[in-house]
2 protein chains.
Amino acid sequence: MGTTQLDTVPEPKYWHLKTVLAEALDSEFAVGEILPNERELAARFGVARATLRQALEQLELEGRLQRRRGVGTTVAPPRMGVDVSSSETAWPGTGPESWQPTECTAAAPPAAVARLLEIGPDAQTHVVRRVRTSHGQSLAAELLHVPAASVPGLTGIDAPSGPALARTVLRELARLPLDGQDRSVELGSAGAVDAKELDRLPGAPVLVVTTRYFSGGRTAAVSLATYRADTCRLTFGAHGGLEIRHEEEQRRVS
Amino acid sequence: MGTTQLDTVPEPKYWHLKTVLAEALDSEFAVGEILPNERELAARFGVARATLRQALEQLELEGRLQRRRGVGTTVAPPRMGVDVSSSETAWPGTGPESWQPTECTAAAPPAAVARLLEIGPDAQTHVVRRVRTSHGQSLAAELLHVPAASVPGLTGIDAPSGPALARTVLRELARLPLDGQDRSVELGSAGAVDAKELDRLPGAPVLVVTTRYFSGGRTAAVSLATYRADTCRLTFGAHGGLEIRHEEEQRRVS
DNA sequence: TAGTGGTCTAGACCACGGA
DNA sequence: CCGTGGTCTAGACCACTAC
């Protein structure tokens, strides 16, 4: 028979729905435009709201949509390219970066960090909190763990607090010779505090960038930076092509 | 009053559930062990299955669990560190890599790729499919887009097909002088074909690594590699510390 | 065939943002 | 206050795996 057999692999509804919506997004909506609410979209497509939401969830994961409680679902702009390699072989806080220190506390590091720092789980460390912003939007939240042993110049001083202390720690750190660094990227979900800092709900997907800074044959500091996975594309450019350019806004299928 | 007021921010059930499960995973389960099935877990915690699944979903996203239909939910091993920078300034297919070419077709590139290649959307390109495996497990699926203009040596030859053609294209590509390359990482979801190649369901979260290869002032090739986000941690090591080491298997909270 | 996770439904109530 | 997305329920059936 001439009928091309389909349905041998029945496509899930939410998957088909996602495809349809993605095409509509390309052809019928402008960036920033708000979609009809979920109840109406579900009715329009003849599915339950939960099913519709499964499709929206995927599109949000891919950075095509942005959903905000109490507001609505909007068409997201293309992801921002965020350079993560510019500070190649450079201490954090040096250079014209977009990081803003917000806090500094003293604490014992979590087990995973202690392992990376190659220190005991009860060693004192300074924890510097920083936020990276661009165009007024929070891109990433960072916890920089600096063992007290790495910045001996701070032992006597305990005067400043908050951002001031953070800057002092960064300054002391920058006095060490930097031998090199290590980076890794993996998927994670935002904890409660990071989520608030990134203006997202807890559990939002994030790209976790782990950086180890080496000095004098030791690991002098470890940074855990969580980037909003919905809005960021991390670039490791040596050729300035995929950089922070905001690129074309609107595309249409030919 | 001495009562520390909680409940000012009522925690969602699935969030609390996720925390409880994560702790149980650390303290009561070994890697590879299978958990009770979803219906029983839901009953045991007194929640609906959908709610339990929301918690499991998050834990899977974080690489702590692995769920397989018809089998069950198992405790996942720590993520594999996968080096993505070793081929720094090197053509793909050269060196002792773990990539395996599987196919090669001729096609016009999708719009997004055409833009990166700086060619028209209807230019002919070779599309090489490769799979990266480690320890018998599929880690990543790649589509390498090579404009026909980049490998003029192939115009006369059209004899081999499949993997053989793929290797020929890679060989021809390697003859060009490589000026540099560009890399970016972002979150995506696996398409139907990639999902099958990665042994995951469509829509599974992946880390998309986009690489541009430059030669003679032009973009000679573009690679789109999708890494399993649940099992991979991408490393950009200059110091061989976070490399493919499988690391400690089992941890316990002190 | 039995048991697993994956999909889907039709409701309900809650938390948040803006008017 | 109303409308939005976020959470949750108690079911049902389907697709896959292994025995």
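Nothing here was measured: the structure is a model prediction, and the numbers come from that model.

Draft legend 1. Quick look at the protein's contact with DNA strand D. Close to DNA strand D lie 27 residues, the nearest being A:Asn37, A:Arg49, A:Arg53, B:Lys13 and B:Thr51. Among the atoms of DNA strand D lying within 4 Å of the protein, the sugar-phosphate backbone contributes 68%. Note that a phosphate oxygen of DNA strand D is positioned 2.8 Å from one of the backbone N or O atoms of B:Ala48. Elements with a contribution of two residues or more to the surface near DNA strand D: helix H2 (38–45), helix H3 (49–61), strand E1 (65–68) and strand E2 (72–75) of chain A together with helix H1 (13–28) and helix H3 (49–61) of chain B. Examining the composition of the surface near DNA strand D, we find that 4 residues originate from one element, H3(B), more than from any other. Taken together, the residues of the surface near DNA strand D sort by class into 9 nonpolar, 7 polar and 11 charged.

Draft legend 2. Representation of the UniProt feature "domain: HTH gntR-type" (unreviewed entry) in chain A within the structure. In the numbering used here, UniProt assigns the feature "domain: HTH gntR-type" (unreviewed entry) to residues 11–78 of chain A. A distance of 28 Å separates the end C-alpha atoms of residues 11–78 of chain A, which is 54% helix and 12% strand.

Draft legend 3. Main features of the sheet that holds strand E4 (residues 99–107) of chain A. In spatial order, the strands read E4(A)-E5(A)-E6(A)-E9(A)-E8(A)-E7(A)-E10(B)-E3(B); together these 8 strands make up an open sheet with mixed pairing. Where the open sheet ends on each side, the last strands, each with one partner, are E4 of chain A together with strand E3 (80–83) of chain B. Sheet twist, expressed as the average angle between the axes of neighbouring strands with direction ignored, equals 20°. The pairing of strand E5 (residues 125–134) of chain A with strand E6 (residues 137–147) of chain A spans 10 bridges and is antiparallel. From the neighbouring strand, A:Val127 faces E6(A), where its bridge partner is A:His145.

Draft legend 4. Summary view of the protein's contact with DNA strand C. Around DNA strand C sit 27 residues in total, of which A:Lys13, A:Thr51, B:Asn37, B:Arg49 and B:Arg53 are the nearest. The protein-proximal atoms of DNA strand C, defined as those within 4 Å of the protein, are 68% sugar or phosphate. B:Arg39 places a polar side-chain atom, nitrogen or oxygen, 3.0 Å from a base oxygen of DNA strand C. Elements that contribute at least two residues to the surface near DNA strand C include exactly helix H1 (13–28) and H3 of chain A together with helix H2 (38–45), H3, strand E1 (65–68) and strand E2 (72–75) of chain B. At 4 residues, H3(A) tops the list of elements feeding residues into the surface near DNA strand C. Here the surface near DNA strand C is built from residues that sort into 9 nonpolar, 7 polar and 11 charged.

Draft legend 5. Fine view of the relation of the copies chain A and chain B. Each copy superposes on the other: chain A lies on chain B with an RMSD of 0.0 Å after a rotation of 180° and an axial shift of 0.0 Å. Overall, the copies show the geometry of a two-fold rotation axis. A share of 95% of interface residues in chain A that are also interface residues in chain B marks the association as one of identical surfaces.

Draft legend 6. A look at the packing of H1(A) against H3(A). Residues and elements named next belong to chain A. Here H1 crosses H3 at 55°, and the two axes come no closer than 8 Å. The angle between the axes of H1 and H3 places the two elements in the oblique class. Of the two elements, H1 crosses H3, and the hand of that crossing is right-handed. On the side of H1, the interface is formed by Lys 13, Tyr 14, Trp 15, Leu 17, Lys 18, Leu 21 and Ala 22, while H3 contributes Thr 51, Leu 52, Gln 54, Ala 55, Leu 56, Gln 58 and Leu 59. Split by residue class, the contact of H1 with H3 holds 9 nonpolar, 3 polar and 2 charged.

Draft legend 7. Representation of the packing of aromatic side chains. Residues and elements named next belong to chain B. Scanning the model with the defined rule gives 5 aromatic pairs over all chains in all. Taken together, a centroid distance of 5.6 Å and an interplanar angle of 25° make the contact between Trp 91 and Tyr 213 stacked. You can see Trp 91 sitting in the loop between E3 and strand E4 (99–107) and its partner Tyr 213 sitting in strand E8 (residues 205–215), a full 122 residues away along the chain. Residue classification places Trp 91 among the buried positions, given a relative accessible area of 5%.

Draft legend 8. Molecular detail of the interface of chain A and chain B. Facing the 42 residues of chain A at the interface are 40 residues of chain B. Counting the surface lost from both chain A and chain B, the interface buries some 3300 Å², and carbon and sulfur atoms represent 58% of this. Scanning the region where chain A abuts chain B turns up 2 salt bridges. The partner of A:Arg79 in a salt bridge is B:Glu186, with the nearest N and O atoms 2.7 Å apart. Applying the counting rule to chain A against chain B returns 14 residue pairs in polar contact (both at pLDDT 80 or more).

How each quantity is defined
- Residues numbered from 1 in each chain as written.
- Chains lettered and ligands numbered in written order.
- Predicted model: local features only at pLDDT ≥ 70, side-chain atom pairs only at ≥ 80, totals over all residues.
- Heavy atoms only, no water.
- Near = heavy atom within 4 Å.
- Polar contact = N/O pair within 3.5 Å; in protein donor to acceptor, adjacent residues only side chain to side chain.
- Helix = DSSP H or I, 4+ residues; strand = E, 2+ residues; numbered from the N terminus.
- Nonpolar A, V, L, I, M, F, W, Y, C, P; charged D, E, K, R; others polar.
- UniProt positions renumbered as here; feature names shortened; annotations may be inferred.
- Pairing = 2+ DSSP bridges.
- Axes fitted to C-alpha atoms, helices over the stretch in contact; angles between N-to-C directions.
- Least-squares fit on C-alpha atoms with pLDDT ≥ 70 in both.
- Contact = heavy atoms within 4.5 Å.
- Parallel < 35°, antiparallel > 145°, perpendicular 65-115°, else oblique.
- Left-handed = near helix turned anticlockwise from the far one by under 90°.
- Phe/Tyr/Trp six-rings, centres within 6.5 Å; stacked < 30°, edge-to-face > 60°.
- Buried < 20%, exposed > 50% of the residue type's maximum accessible area, 1.4 Å probe, protein only.
- Buried area = accessible area lost by both parts, 1.4 Å probe.
- Salt bridge = Lys/Arg side-chain N within 4 Å of Asp/Glu carboxyl O.

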